Every structure is written in structure tokens, then in C-alpha cells.
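# Notes for the structure review
The lines below spell out each chain.
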Amino acid sequence: MADTKREIERKYESDESGLPDLTGVAGVKAVIDKGVMSLDAVYYDTADERLAAAALTLRRRTGGSDAGWHLKVPVAPGVRDEIREPLSDTVPDTLAALVRSRVREAELLPAVRLRSDRDVRHLMDAQGKLLAEVSVDAVHAERLTEGGGTAQWTEIEVELADDGDPAFLDQVEKRLRKAGVRPSSSASKLARALQETARTAGSGKSGSGKSGSEKKRKASTSAPQDPVTAGDHVLAYARAQRDAILELDPAVRQDAYDSVHRMRVATRRLRSTFRSYGKVLDRTVTDPVGEELKWLAGELGADRDREVVTERLATVLGELPPDLISGPIRTRLDTWANARHGGSRSRLIGVLDSPRYLALLDTLDRVIAEPPLLKDAASKPEKVIGKAVGTDLGKVTALVEEAIGTPPGADRDLALHEARKKAKRTRYAAEAATPALGAPARALAKSMKALTSLLGEHQDSVMVRVTLRELSAVAHAAGESSFTYGVLYGREEQRAAGVETALPEAWEGIVAERSVQV
């Protein structure tokens, strides 16, 4: 298992004056000189710099206390997760997998070499605890690709100690600014190296070495600054969902909390966008893509229903008085919950490594870069987008009213589930419409979220009751008491009935809130 470290740091421009005196920083008792170390790092990327475009850095570094392979993944401005593997001659498989959604079938090649002489200071508090590490780095950069140039600069880097208070960095920056030091214009050494070595290569113009394929790929990841047309707004939302899928891929591979669910939601949002805005994007192109997104959502959701049911049953079991719990129900529930987890994880990783998934990502890039726009895409968004949202809303209305009028039972359960799916689609359409339509679309998205939550309670109850029947049958066959399963089943019936009773009034409230039509 790779080691992961949260890195919180800030970078500053530096000149020949070096590091100002930091003994006056609030909370600093001592500044300890740790000497100079030499670092040598080779950064890897594809020929068209896909990792750099995504603000990802993959390097092999020697020197210092953390020599090895490092993959840095952005978390927030100034915050990155550094995933480490020991030194080896080739890119470790674990790190290659984490960038596969970006690299795909391309080859990772040495792109830039950075050699740094790092002069280090430790800022310590009164108890001798490390607050931050401050370094002055004299950097020599060399682009390793054909026609590459070189560059040199000096920068100051301030990295917060593990478990430190980020507010301390504000105190350090206050002192640096007072001494005339200003934040760096580059987010990382690699970003600056790519920029400055490009300037020194070829024609001498910044970015002169960019290939046509790189320009095309970067165009697919950049959004218009100010969406104007209906097409602009729909594409902005679609692009955001495509980006979310790519950004969540490493988290899913690492089994990060809620990452699978969030990635599945992004696939659903994107598919819904294609379906809702068929007057903007040609559905003869997007429908096949939507089918592939449906496949991916299904693979991502293979264990989601089991997780939902497990959480629900664990909750209600915890609420039951001890005298209502009969037999080894907790043990049986644990066995059922864990039955597929290991195998399903392997299957999911296989899906993310599959040619089908990587081809889907390529297709999404093409759709974003060269969208199949229809005539209405060039129109003003108020009319085109508003009409699309209104159409979805009309379908939700019909389904909800049909479900309310259906007698309790399996048919109503199915009708409520269909209404929930359509409410989700309407919510996503309203989200996409919000930048163009403002408050009315925002209010509708909020209403549809509330509706899907209510109907989700009902669907969860349906799934829980199916599971309880299955577990009860297994327990009975094993000679165990099925009493508690019956108690839980009855509670879930009451839960579903409560939703069905509350739905008409809740729906009336949603209708009443729609004082402004979208």
C-alpha cells in the first residue's frame, strides 16, 4: 500500500536577498538551520502533457529524506496529497493506475528534470514542536523532450508541519510580505519549469513547443469564461461532470469514502444532461454515449444498494430494545454485507482499467471538444433551456400524480420509483439551467432534491424489505428465530406508509412554491 501525505504549502518569489528573518513570526520561538540538501527529480508525463493539464505531478526524486516516486494530487489551493512509493527504475504500477484515467493508452515519458539546492530552516514553537519547514530552493530546470530548453530561478517554499494549523501560514506570509516577498505566480515548480523552458526553446515564444494534439486536448478541458448561448451553458455543465469523473477516478481506486457514489452521480448527471437537452446536443451522437454512461453507473452501483440496506438495518437494529432481538441477526447481517465486498472491489478496478472505460473517456473528451451542437444551441438560453426544464418538470408532475392515485402495493412502489428517477433528471436539468435562469431554476433544483430524498426513503424501505425476506428465509432454514426479521419488516412497512402519507402534502408544497415558471 502506497504511503499518502497531506501537503499544505505556499510558494514565494525570491531574489538574491534570500530568506528574511522569521524570528518575529507569532508563535515562533526558534529558527533552526537544517543545512543544504541537493534534490534531483525527473517528472513524467505524456507527450501532450496530460498530467500537467490536470495539475498532477509524477516524479522520481533522489536526495533528501523522502527519496522515491511521488504522485501529487490537488485537493484545494495550496493543498495536495502526495502519494509515495519506494525508488525503482520504472513508474510503480500503483501510481500508474492512479493516473490511468488521464494517461489512458499513451506512454509516460521523462518530461522535465529539476535539480535543486534546498537551504532548509525549521520554525519551532516554545515547546520545541515543528510548526513549519521553510526552504530557499535554487532550481535548475531542463526540459527533456526534443527541442527543450533550460531555466533557473530561486523560490521560497513554506510547508506546514503535519497536523499543523493552516492559520500559521498566514502569520509567516504576513512577515514575508512585510519584507517585500511576494507569492509565486506559478502553482508548482513543474508548472514554472514547463513555462520557462518552453520560452527558451525553439522560437523563444512561450508555449511554442506545443503539439496540435496537446492543444486539442487542452481545448477539451478548458471552459468558456462567460457562457452566452444555450449551448455554452449545457456544455459547461456537461464538462463539469466529465471533469468530476476524471478527478474521482483515483479516489475510487483508493476506496476513498463516498467516492464511488459521487462518481456514479456524475455519470448520471452527464447522461441526464444529454437526454434533457436533446434540442441542444444531437441525441443521435449522445445517446450511444449515454448508454455507456449507464453501463458505468451500473458497475459503480453494484454494491451501492447493499451499502444502503446495510446502513439502514444497522441503524434500526441499534434502535430496537434488547428483548426484541432474537437469534444471531447481527452476525448474519455482517456476513451478508461483506459477502461480495472484496470481489466487487477487484471487479470495479478491472472496470476502470478496461478498454471499454478508457474508450468512454476518450469519447467524452471528443464530445466536449467537438460538441454535436444543433441549431437551438446558438439561441439565447432563457427560451431553449427553460423549455427543456419545463418538459422534464411536466413528466415528473404526471408521474407523481399517477403514483399518488395508485392503490398501495407493488404497483405504487414501482410508480414512486419511476417518479424518483424522473425527479433526479429534472433536478440535474435545473442545476445546468441555474447559471442562465437564476433563482427559479435554483428553487426548482432544491424542490426536486427534496422530492428525491423523500421518494428515496420509500425506495430504501422497499429494498430493505426484500432483503429482510431473503435473510429471514435463510435464518429459518438454519433453524434460527425469524422473529426480529418480522419486527424490522413491520417497521419498514410503517416507514414506507409514512412517506406515502406525507407525499401528497409535500407535492402540494412543491407546486405552490413554483410561483415563477422556468
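The text that follows walks through the structure, step by step, so that each part is easy to find.

Here is what the cut-offs are and how they apply
- Residues numbered from 1 in each chain as written.
- Predicted model: local features only at pLDDT ≥ 70, side-chain atom pairs only at ≥ 80, totals over all residues.
- Heavy atoms only, no water.
- Helix = DSSP H or I, 4+ residues; strand = E, 2+ residues; numbered from the N terminus.
- Buried < 20%, exposed > 50% of the residue type's maximum accessible area, 1.4 Å probe, protein only.
- Polar contact = N/O pair within 3.5 Å; in protein donor to acceptor, adjacent residues only side chain to side chain.
- Contact = heavy atoms within 4.5 Å.
- Axes fitted to C-alpha atoms, helices over the stretch in contact; angles between N-to-C directions.
- Parallel < 35°, antiparallel > 145°, perpendicular 65-115°, else oblique.
- Left-handed = near helix turned anticlockwise from the far one by under 90°.
- Pairing = 2+ DSSP bridges.

Here the focus is the side chain of His458. Following the sequence through the fold, His458 ends up in helix α16 (residues 439-477). Under the relative-accessibility criterion, His458 is labelled buried at 1%. Side chain to side chain, His458 and Asp413 meet in a polar contact 3.4 Å long. Leaving out residues up to four positions away in the same chain, His458 has contacts with Asp413, Leu416, Ala496, Val499 and Glu500.

In this section: the packing of helix α9 (residues 283-300) against helix α13 (residues 355-369). Angle between the axes and distance between the axes are the two parameters that describe a pair of packed helices. With their axes 11 Å apart at the nearest point, α9 and α13 run at an angle of 135 degrees to one another. Compared by their axis directions, α9 and α13 come out oblique. The handedness of the crossing between α9 and α13 comes out as left-handed. Between α9 and α13, the contacting residues are Val289, Glu292, Leu293, Trp295 and Leu296 on the first element and Arg356, Tyr357, Leu360, Thr363, Leu364 and Val367 on the second.

Here we take up the environment of Thr154. With respect to the helices, strands and loops of the structure, Thr154 is situated in strand β8 (residues 150-160). C-alpha of Thr154 to C-alpha of Ser354: the two residues are 200 residues apart in sequence and 43 Å apart in space. Residues within four places of Thr154 in sequence aside, it is in contact with Glu13, Ser14, Val136, Asp137 and Ala138.

Once that is clear, we can look at the sheet that holds β8. Here eight strands make up a closed barrel; going around it, the order is β1-β5-β4-β3-β2-β6-β7-β8 and the pairing antiparallel. Strand-to-strand twist of the sheet, defined as the mean angle between neighbouring strand axes without regard to direction, takes the value 35 degrees. Where strand β1 (residues 3-13) meets strand β5 (residues 79-85), six bridges bridge the pair, whose relative direction is antiparallel. The residue of β5 that forms the bridge with Lys5 is Glu82. Relative to β1, helix α4 (residues 167-178) is tilted by about 20 degrees, and along the sheet it contacts β1, β6 (109-124), β7 (130-143) and β8.

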